[in-house]
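Structural description and commentary
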Amino acid sequence: MLYLQKMIDTNRIDVSKPVDLVAILNTGLYKLAPDQQQFGVNLTDDGADIFNAKICIEVQWASELVIAAIERAGGVITTAYYDPHSLQAMLNTKKFFERGVPIPRRMIPPPDAIEYYSDPSKRGYLADPEKVSEERLVLAQKYGYNLPKIEDDPDYEMLTERKDPRQIFYGLNPGWLVNLRDKVILKPQEEELVKYYAQKVGSLRV
Amino acid sequence: MIRRDFIKKLTSIHPSLVSIRTRKSQIDVERLEQESSTVEVFDEDAKLREEEIDKKRNKSRLRLSDRNILFENTPYLTPTSWHHGTIKYLRKNYGRYGESSGVNPSICWPNTRNDCRCKEKRIQKEERVRARQEDIVKKMEKLEMWKQDLYNRMAKKESEAKAAKERKERLIEEVRRHFGYTVDPRDERFKEMLEKKEKEQKKAMKEARRKARDEKIVDRILKKKETKKNRSDTECSGNMHVAFQIGVFPMSVYLVQLFDASLKLAMFKELHKELEVMAIMLIWRKKFYEDSMKIQQQAVGK
């Protein structure tokens, strides 16, 4: 968290937009090796006491204290899972687009991780949003801080922006082909492909 | 500074010239059309000229593909190797160079129509696997039987080898006993005796086999006779018939024995013994007759 605060303070990360793994990787300061069974960012409680940045952040693992620290500062934290193929695409997005491959669907977490990501107390991306808001209140009571009302916040839209469980990049859907040279986005027209890429995770929810 | 002023002068001249021209022509549509048509022709010529000049400009002596890469264009517009036709390469070309690569973007998505072939292949593979597994199951059922067969064969071989060995050893022992002292098996005399003994043994085995065969036949006939007896009414004719049948085969056995005895005697070449042979023959003939009678009586009795 200390590192995150530092990155925010030195303008490495743009706080006016939602912060996800892509944003952290684009700073160039964070190294990730998916082939070594590394699945993303584990936000530690290192600088939790001095953290005071209002951000909408998406990490892969966060402890209770970390969640409390971010929510006390008025931000929103979500834990999300990215499978290794998606991680490779996120590591070097430009290179990925140059491959000429349409954006893949993000896979659901493996059996031993799906429980974590369906847990509202861990702010899992597969959890029920209503339960998540309940847990926010619970946590605020536990740690003894006033939970700021994000509904009144002018950045409410930005803070509550969340990705679809099958989405890898903000604003880009799976199945789309992005071409940086021509600056176009191509979308599939064939029925089967459209159906395949539009499949929701809802049916697989634990 | 000087340059800037110069440039300013140039720019200042141009617009005035332009304005003079427009003032003169006013709004002459026909003239405009003519001008535009002339301008087109001009462009084509200019284009060709430009192309020629471009070709001459390229003094790098680089390979065409390398030059294209340098200018961030598709390196191979015409494919030169099989690799340029692979889907991965074409997708990459589209990703890096966009539309100018001449690649149809639809190849970037997975092919949905090829699923039929994949399915067929999968089905065929499964079929093969299933057939093989069935075959294995069938063979497993016979496995125990084959195992037993193998063991039996092995045991038989072993036993045969053992028996042969034992027989040979016994023969050697016999010959040794015959000589009375330990003779070298490789000695000539030893070998001779060994051969003789082997022959005798063979003969004995043959006779034993023949006897066994004859006894089997006798048993069979007896059984037949019994069944016949149960069915038929006339006894005497049946008995005589059976007796004759019995008589033929055992006779051969007795004859063989006679022959063997005479041979033995002949080896020693003692005339008076021949008389003994005759006596023996008579005795045996009597014995044979008695035996046949016995068998007859037995048959009658049953």
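Residues numbered from 1 in each chain as written. Chains lettered and ligands numbered in written order. Predicted model: local features only at pLDDT ≥ 70, side-chain atom pairs only at ≥ 80, totals over all residues. Heavy atoms only, no water.

A word on the overall build of chain B
- A count of helical and extended segments in chain B gives eight helices and zero strands.
- Going from N to C terminus, chain B has its helices and strands arranged as α-α-α-α-α-α-α-α.
- Taking all contacts inside chain B whose residues are at least 6 apart in sequence as the whole, residues at least 24 apart take part in 36%.
- Accessible surface computed for chain B: about 27300 Å², of which carbon and sulfur atoms make up 57%. (Helix = DSSP H or I, 4+ residues; strand = E, 2+ residues; numbered from the N terminus. Contact = heavy atoms within 4.5 Å. Areas by Shrake-Rupley, 256 points an atom, 1.4 Å probe, with all protein chains shown as cover.)

Section: the interface of chain A and chain B
- At the interface, 18 residues of chain A touch 16 residues of chain B.
- For the pair chain A and chain B, the summed buried surface comes to about 1400 Å²; carbon and sulfur atoms form 53% of the total.
- For the pair chain A and chain B, the number of links is zero salt bridges.
- Linking chain A with chain B are five residue pairs in polar contact (both at pLDDT 80 or more), by the criterion used here.
- Sorting the residues of the side of chain A that touches chain B by element identifies α5 (93-98), β5 (177-179), β6 (184-186) and α9 (191-198) of chain A as the ones contributing at least two each.
- Sorting elements by how many residues they give to the side of chain A that touches chain B places α9 of chain A first, with three residues. (Buried area = accessible area lost by both parts, 1.4 Å probe. Salt bridge = Lys/Arg side-chain N within 4 Å of Asp/Glu carboxyl O. Polar contact = N/O pair within 3.5 Å; in protein donor to acceptor, adjacent residues only side chain to side chain.)

With respect to a positive patch on the surface
- On the surface, Lys 95 and Arg 99 of chain A together with Lys 88, Lys 92 and Arg 96 of chain B cluster together into a patch of positive charge.
- Top contributing element to the positive patch by residue count: helix α4 (residues 87-97) of chain B, with three residues.
- With respect to the helices, strands and loops of the structure, Lys 95 of chain A is situated in helix α5. (Patch = residues over 30% accessible without salt bridge, like charges linked within 9 Å, V, L, I, M, F, W, Y side chains within 5 Å. Lys, Arg positive; Asp, Glu negative; His and termini not counted. Charge placed at Lys NZ, Arg CZ, Asp CG, Glu CD.)

Quick word on the packing of aromatic side chains
Residues and elements named next belong to chain A.
- Here the structure, examined in full by the defined rule, presents nine aromatic pairs over all chains.
- Taking 3.9 Å as the distance between ring centres and 5° as the angle between the ring planes, the aromatic pair formed by Trp 61 and Tyr 116 counts as stacked. Separated by 55 residues along the polypeptide, Trp 61 in strand β3 (residues 61-62) and Tyr 116 in helix α6 (residues 111-117) bring together distant segments of the chain.
- You can call Trp 61 partly exposed: its relative accessible area is 43%.
- Look at Phe 96 and Phe 97: their rings are 5.7 Å apart centre to centre, the planes differ by 50°, and that puts the pair in the tilted class. (Phe/Tyr/Trp six-rings, centres within 6.5 Å; stacked < 30°, edge-to-face > 60°. Buried < 20%, exposed > 50% of the residue type's maximum accessible area, 1.4 Å probe, protein only.)

Examining the packing of helix α3 (residues 64-72) of chain A against helix α7 (residues 129-143) of chain A
Residues and elements named next belong to chain A.
- Running from amino to carboxyl end, α3 crosses α7 at an angle of 95°, the nearest separation of the two axes being 10 Å. Taken together, the axes of α3 and α7 lie roughly perpendicular to each other. Packed against α3, whose contacting residues are Glu 64, Leu 65, Ile 67, Ala 68 and Glu 71, the element α7 presents Arg 136, Leu 139, Lys 142 and Tyr 143 at the interface.
- Class assignment for the residues of the contact of α3 with α7 results in five nonpolar, no polar and four charged. (Axes fitted to C-alpha atoms, helices over the stretch in contact; angles between N-to-C directions. Parallel < 35°, antiparallel > 145°, perpendicular 65-115°, else oblique. Nonpolar A, V, L, I, M, F, W, Y, C, P; charged D, E, K, R; others polar.)

With respect to the pattern of salt bridges
- Per the stated rule, a full pass over the model turns up 18 salt bridges over all chains.
- Here Lys 147 of chain B ties to Glu 144 of chain B by a salt bridge, and the two come within 3.8 Å at their closest N and O atoms. In this pair, Lys 147 of chain B and Glu 144 of chain B both sit in helix α5 (residues 115-179), three residues apart, roughly one turn of the helix.
- In this structure Glu 144 of chain B comes out as partly exposed when scored by relative accessible area, which is 49%.
- One connected set of salt bridges, linked through shared partners, spans Asp 20, Glu 58 and Lys 163 of chain A.

Some thoughts on a nonpolar patch on the surface
- Together, Ile 136, Met 140, Leu 143, Met 145 and Trp 146 of chain B make up an exposed nonpolar region whose accessible area comes to about 470 Å².
- Here Trp 146 of chain B lies in helix α5.

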